[in-house]
Amino acid sequence: MNGKLRISALLAVLALLLLPMTGTATADGPSVKLSKSQAGTGGSITVSGSGWRSHALLMMLICGQSTPSRGVIGGTNSCANGDGRAVTTDAKGSFSKKLPVAEPPVPCPCVVHVATVEGAKAQADAVLQVAGHAVEPLPTEPSGGRLSVLTDTRLDGSSGLLTWFGAPPARSLVFTVGNAGTTAIKNPVFQLGTSHGVFAPQWEEQQWRGTIAPGKKAQIKLPFELTSGAHGDYTVSLKYGGKVLAEQPWGVGRPWGVTLFWILVCVVVPAAVFRAGMAVVDRVRPRRAGGLRHRGLRMPELTLRMPKFTTPRADEEPASDSTLPWFTPDSDPGTAGRLSAPHDDSPTSPTTPTRKGPT
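Criteria and thresholds
Residues numbered from 1 in each chain as written. Predicted model: local features only at pLDDT ≥ 70, side-chain atom pairs only at ≥ 80, totals over all residues. Heavy atoms only, no water. Helix = DSSP H or I, 4+ residues; strand = E, 2+ residues; numbered from the N terminus. Buried < 20%, exposed > 50% of the residue type's maximum accessible area, 1.4 Å probe, protein only. Areas by Shrake-Rupley, 256 points an atom, 1.4 Å probe, with all protein chains shown as cover. Core = buried A, V, L, I, M, F, W, Y, C linked by side-chain atoms within 4.5 Å. Contact = heavy atoms within 4.5 Å. Disulfide = S-S within 2.5 Å. Patch = residues over 30% accessible without salt bridge, like charges linked within 9 Å, V, L, I, M, F, W, Y side chains within 5 Å. Salt bridge = Lys/Arg side-chain N within 4 Å of Asp/Glu carboxyl O. Phe/Tyr/Trp six-rings, centres within 6.5 Å; stacked < 30°, edge-to-face > 60°. Pairing = 2+ DSSP bridges. Axes fitted to C-alpha atoms, helices over the stretch in contact; angles between N-to-C directions.

Let us look at the overall build of the protein chain. When you go through the protein chain residue by residue, the secondary structure sums to three helices and 20 strands. The buried share of the protein chain, taken over its 359 residues, is 28%. Summing over all exposed atoms, the protein chain offers an accessible surface of approximately 25500 Å²; the carbon and sulfur share of this is 58%.

So, in structure tokens, the structure goes:
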């Protein structure tokens, strides 16, 4: 029995000796390791990591008032942003790069904070002691328990026809939290932040009505909306007690109805102005002879006249044979039937006239 106890004690001592002296992040998910656990201003340390997405862009910062368990309490305002470094992971999700040591704007305890810049959010912290920098206790956690997000966040809701024409896009952030503290939390106040691209989020407070007992969980829905005409890639962040609990990306579609409206305006307005201008020109233009205005080019009207076939009545006089205007009375074809020589048709000779010879 004593031999087994001695072997167990030796194994425990060896495990303690083999533990790295540098700070590391949690084993699950992305992790960060430092070549030194303590360094002074002006020096540098090598930061290495694994478990990240392949070819992901990361930002490395030295932050004060932070621990791996509580995270960066003051956000990036507690970090030495001017001395940060960017690094890209390899195909296996690993990286290694030197980081200059600089004093953060707030006292230690300090960490090296590594977080993704684009895409799905991920972060990890490793403890670093900045030699010569002030050390102060961390701010006390808010009383009334401690909340933690238990499930992935999601956005509920959809865009309607008004959103297609520029109305503010609206959604509800849905998540489940658990109370890991020892006292109940009543009516917790969350902070919702929306950020577009590389801009910092704009925070607004949202109070949830209800009570979360110790060890219990609850599903929470927080409604919010963006500005009118918003489109592009947005990030919705959730903060409670000064700590960011979750982040959710949101791709907002472009309001194509607004674009269609302006296209129609650019087509209809010039056409209406042209019509109004032509109406004014038509009114002030002088009239032509006869008092008629010609509003436009008209094709000559062609009238097809068909001859009328009617039977003349008995009391009607027969029409003249000379119906062709281009013939003179002497050359009228109606006289063509007279082929004999001219003779005298005097009414005094009832019979055929005779010529008297000289006596």
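That was the structure; now back to the text.
On to the nonpolar core, then. Core analysis: the largest hydrophobic core is formed by 22 residues, its most contacted members being Val 32, Leu 34, Ile 45, Val 47, Phe 95, Val 112 and Val 114. Listing elements by their share of this core, those giving two or more residues are β1 (31-34), β3 (44-50), β4 (57-63), β8 (95-100), β9 (110-116) and β10 (123-131). Among the elements that make up this core, the one with the highest residue count is β10 (four residues). Ignoring anything within four residues of it in the chain, the contact list for Val 112 reads Leu 34, Ile 45, Val 47, Leu 61, Ile 62, Leu 99, Ala 124, Asp 125, Ala 126 and Leu 128. By size, the runner-up hydrophobic cluster in this structure holds 21 residues, among which are Phe 190, Trp 208, Ile 220 and Tyr 234.

Before going further, it helps to spend a moment on the state of the cysteines. Enumeration according to the criterion identifies two disulfides in this entry. Here Cys 63 pairs with Cys 79 through a disulfide, and the sulfurs are 1.9 Å apart. As the torsion about the S-S bond is roughly 95 degrees, the Cys 63-Cys 79 disulfide counts as right-handed. Residue Cys 63 is located in strand β4, and its partner Cys 79 is located in the loop between β6 (71-72) and β7 (85-88); the two are separated by 16 residues in the primary sequence. Of the two residues, Cys 63 and Cys 79, both sit in the buried class. Each disulfide pairs two cysteine sulfurs, and for Cys 108 the partner residue is Cys 110, the sulfurs being separated by 1.9 Å. Judged by the sign of its S-S torsion, about -90 degrees, the cystine formed by Cys 108 and Cys 110 is left-handed. Overall, Cys 108 belongs to the buried group, its relative accessible area being 4%. The class for Cys 110 is buried, based on a relative accessible area of 2%. Bonded cysteines in the protein chain are paired 1-2, 3-4 when counted in the order they occur along the chain.

For the rest of this paragraph, the subject is a nonpolar patch on the surface. Taken together, Leu 161, Trp 164, Phe 165, Trp 256, Leu 260, Ile 263, Leu 264, Val 267 and Val 268 make up a surface patch of nonpolar side chains, about 930 Å² in accessible area. Listed by contribution, the elements that provide at least two residues to the nonpolar patch are α2 (161-164) and α3 (256-284). The dominant element in the nonpolar patch, judged by the number of residues it contributes, is α3, at six residues. Relative to the assigned elements, Trp 164 resides in helix α2. A relative accessible area of 36% means that Trp 164 is categorised as partly exposed.

Moving on, we come to the pattern of salt bridges. Applying the stated criterion across every chain yields a total of two salt bridges. As a salt-bridge pair, Asp 156 and Arg 154 come within 3.1 Å of each other at their nearest N and O atoms. A relative accessible area of 26% places Asp 156 in the partly exposed class. Judged by relative accessible area, which is 40%, Arg 154 ranks as partly exposed. A salt bridge links Asp 282 to Arg 285, with the nearest nitrogen and oxygen atoms 3.0 Å apart. Given a relative accessible area of 40%, Arg 285 falls into the partly exposed group.

Per the counting criterion, the structure on display carries six aromatic pairs. With a centroid separation of 5.3 Å and an interplanar angle of 45 degrees, the aromatic rings of Phe 190 and Tyr 240 are classed as tilted. Note that Phe 190 is positioned in strand β15 (residues 189-196) and Tyr 240 in strand β19 (residues 232-240), a separation of 50 residues in sequence. Using a relative accessible area of 15% as the deciding quantity, one classes Tyr 240 as buried. Centroid distance Phe 261 to Trp 262: 5.4 Å. Interplanar angle 70 degrees. Geometry classified as edge-to-face.

Read from one edge to the other, the open sheet built from four strands follows the order β16-β15-β19-β20, with strand pairing classed as antiparallel. The outermost strands of the open sheet, each flanked by one partner alone, are β16 (202-207) and β20 (243-252). Neighbour-to-neighbour, the strand axes of this sheet turn through a mean angle of 25 degrees, independent of strand direction. Bridge count between β15 and β16: six bridges; the pairing is antiparallel. The residue bridging Leu 192 from the neighbouring strand is Glu 204, located in β16.

Here we come to the sheet that holds β4. Hydrogen bonds between backbone atoms are what pair the strands of a sheet, whose relative direction is either parallel or antiparallel. Here five strands make up an open sheet; going across it, the order is β2-β10-β9-β4-β7 and the pairing mixed. The open sheet terminates on both sides in strands that have one partner only, identified here as β2 (38-40) and β7. Strand-to-strand, the axes of this sheet are offset by a mean angle of 35 degrees, without reference to chain direction. Relative to β10, β9 runs antiparallel, the two sharing six bridges. Across the sheet, residue Val 114 finds its bridge partner in β10, namely Ala 124.

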